[in-house]
Structure formats: C-alpha cells, structure tokens
Amino acid sequence: MELHFQGVSRGTTSNGGTSTLFDIMRGNAGGLYLNGHSQELIFWNSDQSSNRTDIEDNINTFYDVYTEPVAPLLLNNYPGAAAAYSLRRINSSYQGSAVLVQTALNTKGPVYIGFDSNNDLDTTSLATYGGSEDVVVAGWLDQSGNGNDASQATSANRPKIYDGTTGVVTENGKPAVEFDGTSDYLSNAGNLTYTSGLSIYSVSKFDSLSNTERLFCDDITGVQGFFIYSSSGYLQVNDNNTG
C-alpha cells in the first residue's frame, strides 16, 4: 500500500493478511482517537493505484476540494470495494441507508437516515429527528454490498453528526461525522482480506496533524497490523513490522 496526502506520496508498506477487526478513527489497542471530521472511507482489497487519480477526481467533484462539477456514483465506475462508508450514495445498487443514528442522551430510539433525491445525506430527516438534541452515529453502513457495517454500541463513544444548537455537522459545506479525539470510534468485526493489495481513499480532516491520531487501524490475528495516523505535521503509514 502507498499512502498519498494532498497528492504527495508519504510512504509504502508491503504488509498483507486478513484483518479480523478494524477500527475507524482510533488505534485498536485503545487511545489515539481522531479529533476531526470524516465524510468518506472506502476500502478495495485489491491494488487500485492505476485508478488513483480518477478516484480522487470523483471524490473531489462531490466534496468540492477544489472545484464543483457533478459526480457520478463512485462505485458504479469503480466496483469491487470491500467496504465503503459515505454520507453520499456511491452505489446505485445499494438500497440501504447511510447511517444509523440516535440522540446522544438516548432520549429517542435509533433511526436510519438515508439519502435524498440528489444522492446526498437526507439532512432534512436528520434535523427533524434531532430537533434541539445532539445526534450521534451508532452505525455507518457499508455501501459495498458486503455487509461490513461499522458500529459503536457505547453511547459515549459515538461520533456526532448533528448538533442540537447549530444543526448538521458539516465540513466544507457537506455533512460530516465529528470524532472528538478522545473516545469516539466505530468498529467492524468482519474479515477484510487484502493479500493481493489494498487501496484506501478517505475524505477526512484532522484538527491538527501535530497530534498522534489514528484514521484507520486493523488487527491481524490479534495484533495491530498497519495503521494510518497523523504525527509531527504529517499523515503517515506504518505496517507495524518496524514500529
């Protein structure tokens, strides 16, 4: 795997295996939580380096990193993802919701929030449900079709998606999931095999790259495998073979 950050290669790793557990926005040994926002995280258990610039262009057209054309559905153009979490619809054959949410204090039962007619997150339904209460994400649903949903059973460890005072959490004008950098994370207990290569594309923002925070961390046969993290002003990758 080769890590790119803002178009620049930050390093490579040849580590491979079958992940039995992976955490989103924390290290699976605990600690090192993301303090920032996330909008999309997609895994292919194959090498997608030849498609990297096209995939990045597709992501950019929706999230308006530097322009604003209309984006086709990403997984229609580049199928075969092993897991795909997004606050936009990225697969026309996927008929499920985007997220499972609940009020932060559990005053209301959990509900699924899907997409509107533009394939964006249905923020109207989200706001109607939340009202004056904060709303957190109990589950981020996998749009790949493989059922690799990521979830969090502990209310205090769920990331926020709606603020009862300011409304839907956004980043650059788009809905986002806000992780607090202290205890928020989502986990998937399924297998993710990537012996033939691994490509990860993410739309996330660290509040500071100077802190050591995890974007993704996997577990191979009970030990920490590779992980993507911020440290010393950079986004870095480590396969845990050399520390």
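Now for a look at the structure at hand. Quick caveat: nothing in here was measured; it's all calculated off a predicted structure.

The rules behind the values
- Residues numbered from 1 in each chain as written.
- Predicted model: local features only at pLDDT ≥ 70, side-chain atom pairs only at ≥ 80, totals over all residues.
- Heavy atoms only, no water.
- Helix = DSSP H or I, 4+ residues; strand = E, 2+ residues; numbered from the N terminus.
- Buried < 20%, exposed > 50% of the residue type's maximum accessible area, 1.4 Å probe, protein only.
- Contact = heavy atoms within 4.5 Å.
- Areas by Shrake-Rupley, 256 points an atom, 1.4 Å probe, with all protein chains shown as cover.
- Salt bridge = Lys/Arg side-chain N within 4 Å of Asp/Glu carboxyl O.
- Pairing = 2+ DSSP bridges.
- Polar contact = N/O pair within 3.5 Å; in protein donor to acceptor, adjacent residues only side chain to side chain.

This part is about the overall build of the chain. Of the regular secondary structure elements, the chain holds 3 helices and 21 strands. Across the 243 residues of the chain, 51% fall into the buried class. Summarising the internal contacts of the chain: among those between residues at least 6 apart in sequence, 66% fall at separations of at least 24. On the chain, roughly 10400 Å² of surface is accessible, and the fraction owed to carbon and sulfur atoms is 44%.

Okay, the pattern of salt bridges next. Per the stated rule, a full pass over the model turns up 4 salt bridges. Notably, a salt bridge pairs Glu40 with Arg88, separated by 2.8 Å at the nearest N-O pair. Taken together, the residues span a long stretch of sequence, with Glu40 in strand β5 (residues 35-44) and Arg88 in the loop between β6 (81-86) and β7 (99-103) at a distance of 48 residues. In this structure Glu40 comes out as buried when scored by relative accessible area, which is 0%. Residue classification places Arg88 among the buried residues on the basis of a relative accessible area of 2%. Where Lys205 meets Glu171, a salt bridge forms, and the shortest distance between an N and an O atom there is 3.4 Å. Here Lys205 is found in strand β18 (residues 199-206), whereas its partner Glu171 is found in strand β13 (residues 170-171), with 34 residues between them in sequence. A residue is classified by how much of its surface remains accessible, and Glu171, at 19% relative accessible area, is buried.

Another point: the pairing of strand β15 (residues 177-180). Every regular strand shows the same layout, with side chains that alternate between the two sheet faces. Residues Val177 and Phe179 of β15 are buried on one face, while the alternating residues Glu178 and Asp180, pointing to the opposite face, are not. Sheet topology places β5 next to β15; 4 bridges connect them, and they run antiparallel. If you follow Gly36 over to β15, its bridge partner there is Phe179.

Now for the environment of Asp180. Here Asp180 is to be found in strand β15. Take Asp180: its relative accessible area is 32%, and that puts it in the partly exposed class. Residue contacts for Asp180: discarding those within four places in its chain leaves Leu34 and Asn35. A distance of 2.8 Å separates a polar side-chain atom of Asp180 from the backbone nitrogen of Thr182.

Remember, this is a structural readout, not a statement about activity or role.
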